[in-house]
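Spelled out from the first residue to the last, the chains are:
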Amino acid sequence: MPYRIGVIAFPVTHAGVVPLSNLVKLLSKVAKDVFVISSETFMEAYENDAREDNVHIYPVKQPGGSNRLSSAKTELNLHVQSSIEIYKIKDKTDLIILFFGADIYTAPVMVSKALNKKLVLLLPGSVIEKKATDGFSFYNVKVSSFINRQICNKIILYSPRLISRWNLQKHRHKILIAYEHFLDFDAFSTTIPLVDRPPLIGYIGRLSEEKGIRHFIRALPAIFNDRQDIRALVGGDGELKESIEASLQEDGLTSCVDLPGWISHDDLPRHLNRLRLLVIPSYTEGLPNIMLEAMACGTPVLATPVGAIPDIIADGKTGFLMENNSPECIAENVVRALNAPDLEQITETGKQFVKEHFTFECVAERWEEVLRRI
């Protein structure tokens, strides 16, 4: 009999709506019922999309806060509210999946286990890596992650390579491999051939430290010096927005860099079809949607070899990998990628790889297998 599944995901901002929506749509096809406990941001976005009849959303208010104290209060509030919502659906669910926040939300994990629910952590990234430089918060994350990984029944990762990367060897017996990524290839397709695009390179994503965006900005002077015809696009929003604008102003680069702000998912294909190269200079990743979407649009990708990225990008075959995200390395590899004599063939190979592996049917089939093994 198909599972009745509860999904807990916090925090969900604009960047998290698509991954969570994809997961819910996949589960709705392979489960009897899906109960989603998440933020009002997700509920509003999902309600505007095609809603499956067996999906039930329980919104939790997610107040903002920029300082450490208000952030701690917000986190505690989410622990409490999500635990209450889990109790409300205790007779409707057999399995609980924690998605965003899976590493750190210990209270919902303990409540789920106390209610005798099967519990799965779906890790889209490593909060430990993200918090590595944040002293007290890093300690709390490490403790919470240790507890959650001990208690859960299964852990779902995007790639086997993440087992060693995220120090999960002792939990190898619990680990399954799956991802919620699938694409609408009618929306994400090539509308402008690569050869007809302007010499525009770009970064599109969250403007935060772990994404390596500062290093991309610092690489731009060397790139522009090597190729005077190149311009750059930096699309996104986040805590580093003002710092990036100030840095571009200081270096006299504002006339060479477009800053459109946050780009909606509906408008993303248009922007990707303008780019000659998308750069993903992250310190840490799971499996970035933007990489797959760019490849589907016939846009070559240059990325750091973190997370599951090397499962998708083979250097010089389906895209380009760089050794690290130092400004010097980024600049050198941007020029290398743009000057690759077989750039169009690399782009086409990457596009075909994504079209073969990231259809809804292919990904849903994998989730059916995963649920049979839980």
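Cut-offs used in this document
Residues numbered from 1 in each chain as written. Predicted model: local features only at pLDDT ≥ 70, side-chain atom pairs only at ≥ 80, totals over all residues. Heavy atoms only, no water. Helix = DSSP H or I, 4+ residues; strand = E, 2+ residues; numbered from the N terminus. Rg over C-alpha atoms; globule rule 2.2 N^0.38 Å. Buried < 20%, exposed > 50% of the residue type's maximum accessible area, 1.4 Å probe, protein only. Contact = heavy atoms within 4.5 Å. Areas by Shrake-Rupley, 256 points an atom, 1.4 Å probe, with all protein chains shown as cover. Lys, Arg positive; Asp, Glu negative; His and termini not counted. Charge placed at Lys NZ, Arg CZ, Asp CG, Glu CD. 1 Å grid on protein atoms, 1.4 Å probe; cavity = no way out; pocket = protein on both sides within 12 Å on 5 of 7 lines; lining within 4 Å. Points joined across faces, edges and corners; volume = space filled by probe spheres on them. Nonpolar A, V, L, I, M, F, W, Y, C, P; charged D, E, K, R; others polar. Salt bridge = Lys/Arg side-chain N within 4 Å of Asp/Glu carboxyl O. Pairing = 2+ DSSP bridges. Axes fitted to C-alpha atoms, helices over the stretch in contact; angles between N-to-C directions.

Peer 1: Hey, could you go over the overall build of the protein chain for me, with residue numbers and the actual values?
Peer 2: The helix and strand inventory of the protein chain stands at 15 helices and 13 strands. Rg of the C-alpha trace for the protein chain: 21 Å, near the compact-globule value of 21 Å for 374 residues, within the 12% margin. Each principal axis of the C-alpha atoms in the protein chain carries an extent, and together these give about 65 × 45 × 40 Å. When burial is assessed residue by residue, the protein chain has 54% of its 374 residues classed as buried. Across the protein chain, contacts joining residues at least 24 apart in sequence account for 68% of those joining residues at least 6 apart. Only carbon and sulfur atoms are counted for the fraction: they give 51% of the accessible area of the protein chain, which is about 16500 Å². Side-chain charges of the protein chain comprise 42 positive and 46 negative groups, with the mean position of each set lying 8 Å from the other.

Peer 1: Kindly report on the layout of surface pockets, identifying the contributing residues and their values.
Peer 2: In this structure, the second largest pocket spans a volume of roughly 260 Å³. Along its surface, the second largest pocket is lined by 14 residues, and Ile128, Lys142, Arg149, Trp166 and Asn167 are the ones closest to its centre. Of all the secondary-structure elements, those providing two or more residues to the lining of the second largest pocket are helix H5 (127-130) and helix H6 (135-151). Of all the elements, H6 adds the most residues to the lining of the second largest pocket, at six residues. Classifying every residue of the lining of the second largest pocket by side-chain character gives four nonpolar, five polar and five charged.

Peer 1: Describe the pattern of salt bridges, naming the residues involved and giving the relevant values.
Peer 2: As enumerated under the stated definition, the model contains 13 salt bridges in all. Where Arg227 meets Asp229, a salt bridge forms, and the shortest distance between an N and an O atom there is 3.1 Å. Looking at Arg227, the relative accessible area reads 18%, which means it is buried. What emerges from the salt-bridge pattern is a single network uniting Arg231, Asp258 and Arg274.

Peer 1: Got a sec to walk through the sheet that holds strand E3 (residues 55-60)? Specific residues and values, please.
Peer 2: Read across the open sheet, the seven strands follow the order E3-E2-E1-E4-E5-E6-E7; overall the sheet is parallel. Only two strands of the sheet have a single neighbouring strand rather than two, namely E3 and strand E7 (175-177). Adjacent strand axes in the sheet meet at a mean angle of 20°, parallel and antiparallel pairs treated alike. Of the strand pairs in this sheet, strand E6 (residues 154-157) and E7 are connected by three bridges, and their pairing is parallel. Along E7, the bridge assignment pairs Ile156 with Leu176. Where helix H4 (residues 106-114) meets the sheet, it contacts strand E1 (4-8), strand E4 (95-98) and strand E5 (118-122), and its direction lies at approximately 155° from that of E5.

Peer 1: Just give me the short version of the sheet that holds strand E13 (residues 320-321), but keep the residues and values in it.
Peer 2: Reading across the sheet, the six strands line up as E10-E9-E8-E11-E12-E13 and stay open at both edges, with parallel pairing between neighbours. Strand pairing shows two members of the sheet lacking a second neighbour, strand E10 (257-261) and E13, which therefore form its edges. Relative to E10, strand E9 (residues 231-235) is paired through three bridges, and the arrangement is parallel. Its bridge partner lying in E10, Ala232 is registered against Val257.

Shape is all these values report; function is a separate question.
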